Amino acid sequence: MSTEARINRQIIRGLEFPCSPFFTREKIEAALDYSPRDDDIIISTYPKTGTTWVQYIVYEILNDGKIPPSQEEMRGIIPFMEEGGTEIIPNCQTPECSSFTCLMI
C-alpha cells in the first residue's frame with residue numbers, strides 16, 4: 001500500500017482504521033471489545049465489498065421482504081459499530097443488528 005493511502009489511517013491493536021472524527025479510537029476499541037448476545041446479528045464485511053447491499057438484504061429478511069428505507073435511514077436501523085460505538089446497540093431494532101467494517105491488513 002502506498003504511503004499516501006496510509007496517511008488517513010490509524011493503527012488500533014495492529015489493525016488499520018480510517019482517521020476521522022466519526023471513527024474515534026474509543027468507539028473502535030469498544031466495538032472490538034463488544035461481546036455479542038445470542039440474538040445479535042453483526043454484518044462484517046471488508047470495505048467496498050457491498051456492505052450496504054448486505055445491510056439491505058438482512059433488513060429485508062428480518063422484515064418479511066418489506067422495501068428498505070433510504071440509505072440515510074438505514075444507518076439508524078443498522079448502524080456501524082466502529083462509527084457509533086457500542087452505545088448505539090440498545091437503539092437497534094430487535095433482533096439487534098449492526099455493521100462492522102473489517103479493514104484489510
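Residues numbered from 1 in each chain as written. Predicted model: local features only at pLDDT ≥ 70, side-chain atom pairs only at ≥ 80, totals over all residues. Heavy atoms only, no water.

### Thoughts on the nonpolar core
Part 1 of the argument: In terms of nonpolar packing, the biggest core is built from seven residues, these being Ile43, Tyr56, Val58, Tyr59, Met74, Ile78 and Cys97.
Part 2 of the argument: Examining the composition of this core, we find that three residues originate from one element, helix α3 (residues 51–62), more than from any other.
Part 3 of the argument: Ignoring anything within four residues of it in the chain, the contact list for Tyr56 reads Pro68, Pro69, Ser70, Gln71 and Met74.
Part 4 of the argument: Of all hydrophobic cores here, the second largest spans five residues; its members include Ala31, Tyr34, Met81 and Ile88. (Core = buried A, V, L, I, M, F, W, Y, C linked by side-chain atoms within 4.5 Å. Buried < 20%, exposed > 50% of the residue type's maximum accessible area, 1.4 Å probe, protein only. Helix = DSSP H or I, 4+ residues; strand = E, 2+ residues; numbered from the N terminus. Contact = heavy atoms within 4.5 Å.)

### Comments concerning the pattern of salt bridges
Two side chains that carry opposite charge are able to pair once their charged atoms sit near each other.
Part 1 of the argument: Enumeration over the complete set of coordinates arrives at five salt bridges.
Part 2 of the argument: With a closest N to O distance of 3.5 Å, Asp40 and Arg37 form a salt bridge.
Part 3 of the argument: Here Arg37 falls in the partly exposed class, since its relative accessible area comes to 43%.
Part 4 of the argument: With a closest N to O distance of 2.4 Å, Glu83 and Arg75 form a salt bridge. (Salt bridge = Lys/Arg side-chain N within 4 Å of Asp/Glu carboxyl O.)

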